[in-house]
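Close look at the chain arrangement
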Amino acid sequence: MTAPSSVNSPQTTVKVLSEALPYIQKFSGKTLVIKYGGNAMTQDDLIDSFCRDVVLLKEVGINPVVVHGGGPQIGDLLKRLNIESRFVNGMRVTDSETMDVVQMVLGGLVNKEIVSQINLAGGKAIGLTGKDGQLIKAKKLKVSHKTPEMTAPEIIDIGHVGEVESVDTALIEMLASRDFIPVIAPIGVDAQGASYNINADLVAGKIADALKAEKLILLTNVAGLQNKEGKVLTGLTTAQVDELIADGTIYGGMLPKIRCALDAVKDGVQSAHIIDGRVPHATLLEIFTNAGVGTLITNQISS
Ligand SMILES: Nc1ncnc2c1ncn2[C@@H]1O[C@H](COP(=O)(O)OP(=O)(O)O)[C@@H](O)[C@H]1O
Ligand SMILES: CC(=O)N[C@@H](CCC(=O)OP(=O)(O)O)C(=O)O
């Protein structure tokens, strides 16, 4: 039977596999925290290719830890329930009713979809929110807001939105050592048992810090951090990032992403990458090739 023309020749396949060898050797035994954004999981085939990539990583001895978002999926259900979505500095204003929806969508729908797809691809995924085993201890986030007209920033209350206080790395390490792939929804809990909605980028960054991960990979729905002309920027310093925020080039959902990437490399993660999750197998392309997809942030350049 003749192979379809879209299928690579055996030579190409073997070349690709052979090129992956140094990367497999470099990252084997290392932990990679991969944040899968809600905007990159809007198509079934993308979820499927992402989950297959995660299973492949585990099969070659790398420890993937998945943290997922689900902002658009929360927005869809809120809309069906006639509840308005509002954001301040890229964070969802979360009243009690919204918090219920956040828990249903992140801890239920989205988490179980990823777990199920990883398991179907042959992996052993375990889904957790930060409440399970008190994995993510959180406290209320204080948001300061300033418009050009204001002389000083004001602190505003955006409801049940949290920030990470601590991460139970022992639980994640125990799962990873038994061949499980942890799939974590960004919900935290405080000492009184109150739940917090936490931006998934911030959770991924803190988990990468706590695990001293080799890489933090943030999959989103853009090619990387872009300038106003749409060019992907890479190798940015903290000062350059501050300028891009001040002039409005970086806004909304990119704000927590770039902040957590800078913090992660400052705190010991080797590199952080903002990559295009709409590209099939974007994760493998980032890890196993020299292609240099998206925006790379390392500690050498982020001071
Ligand atoms: N400078 C920038 N470069 C690229 N994207 C940006 C930039 N500033 C803001 N964004 C916005 O950030 C979005 C990604 O963040 P977000 O919507 O939270 O995605 P995710 O669900 O992947 O976390 C992009 O779709 C884009 O609209
Ligand atoms: C406080 C806050 O904004 N929480 C986010 C949590 C989900 C998330 O971060 O999803 P993405 O990664 O897909 O954007 C939210 O409610 O949308």
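Here's a quick rundown of the structure. All figures in this text were calculated on a predicted structure; none of them were measured in a lab.

As a further point, take the site of ligand 2. What surrounds ligand 2 is a group of 16 residues, the closest being Lys35, Gly38, Arg92, Asn197 and Ala200. Residue Lys35 places a side-chain N or O atom 2.5 Å away from an oxygen atom belonging to ligand 2. Between ligand 2 and Gly70 there is a distance of 3.0 Å, counted from an oxygen atom to a backbone nitrogen or oxygen. In isolation ligand 2 offers 430 Å² of accessible surface; the protein chains occlude 92% of this area. With respect to the pocket detection grid, ligand 2 is positioned in the largest pocket. Where the shell around ligand 2 is concerned, the elements lending two or more residues are helix H3 (71-80) and strand E4 (91-92). Here the shell around ligand 2 takes three residues from H3, the largest share from any one element. Taken together, the residues that form the shell around ligand 2 break down as six nonpolar, eight polar and two charged.

For the rest of this paragraph, the subject is the environment of Asp190. Assignment of secondary structure puts Asp190 in the loop between strand E11 (187-189) and strand E12 (195-197). Relative accessible area serves as the criterion here: at 12%, Asp190 is assigned to the buried category. Each C-alpha atom of the pair Asp190 and Leu233 lies 37 Å from the other, and the pair is 43 residues apart in sequence. The contact partners of Asp190, leaving out residues within four places of it in the chain, are Ala138 and Tyr196. Of the polar contacts made by the side chain of Asp190, one reaches the backbone nitrogen of Ala194; its length is 2.9 Å.

A few words now on the site of ligand 1. In the vicinity of ligand 1 lie 17 residues, with Lys35, Thr220, Asn221, Thr249 and Lys257 positioned nearest. The separation between a nitrogen atom of ligand 1 and a polar main-chain atom of Thr249 is 2.8 Å. Within the contact set of ligand 1, an oxygen atom lies 2.6 Å away from a side-chain nitrogen or oxygen of Lys257. The cavity where ligand 1 resides is the largest pocket. Residues that form the shell around ligand 1 fall into these classes: six nonpolar, nine polar and two charged.

Let us look at the packing of aromatic side chains. Evaluated as defined, the whole model comprises one aromatic pair. The ring centre of Phe180 lies 4.3 Å from the NZ or CZ of Lys124, which sits over that ring.

Empty space among the atoms becomes apparent when a probe as large as a water molecule is rolled across them. All told, the structure shown has one cavity of 30 Å³ or more when counted by the stated rule. Estimated volume of the largest cavity: approximately 40 Å³. What lines the largest cavity is simply Tyr36, Leu46, Ser49, Phe50, Asp53, Leu219, Gly277, Val279, His281, Ala282 and Thr283. When contributions to the lining of the largest cavity are tallied by element, the ones reaching two or more residues are helix H2 (44-59) and helix H9 (282-288). The element that contributes the greatest number of residues to the lining of the largest cavity is H2, accounting for four residues.

So, about the pairing of strand E1 (residues 31-36). E1 sits mainly inside the fold: six of its six residues count as buried. Burial of the side chains of E1 extends over both faces: Thr31, Val33 and Lys35 are buried on one face and Leu32, Ile34 and Tyr36 on the other. With six bridges connecting them, E1 and strand E2 (residues 63-68) associate as parallel partners. Within E2, the position partnered with Lys35 by the bridge is Val67. Regarding topology, H2 serves as the crossover connection from E1 to the parallel E2, and that connection is right-handed.

Conventions adopted
- Residues numbered from 1 in each chain as written.
- Chains lettered and ligands numbered in written order.
- Predicted model: local features only at pLDDT ≥ 70, side-chain atom pairs only at ≥ 80, totals over all residues.
- Heavy atoms only, no water.
- Near = heavy atom within 4 Å.
- Polar contact = N/O pair within 3.5 Å; in protein donor to acceptor, adjacent residues only side chain to side chain.
- Areas by Shrake-Rupley, 256 points an atom, 1.4 Å probe, with all protein chains shown as cover.
- 1 Å grid on protein atoms, 1.4 Å probe; cavity = no way out; pocket = protein on both sides within 12 Å on 5 of 7 lines; lining within 4 Å.
- Sits in = over half its atoms within 2 Å of the grid points.
- Helix = DSSP H or I, 4+ residues; strand = E, 2+ residues; numbered from the N terminus.
- Nonpolar A, V, L, I, M, F, W, Y, C, P; charged D, E, K, R; others polar.
- Buried < 20%, exposed > 50% of the residue type's maximum accessible area, 1.4 Å probe, protein only.
- Contact = heavy atoms within 4.5 Å.
- Phe/Tyr/Trp six-rings, centres within 6.5 Å; stacked < 30°, edge-to-face > 60°.
- Lys NZ or Arg CZ within 6 Å of the ring centre and 35° of its normal.
- Points joined across faces, edges and corners; volume = space filled by probe spheres on them.
- Pairing = 2+ DSSP bridges.
- Right-handed = clockwise from strand over helix to strand, strands pointing away.

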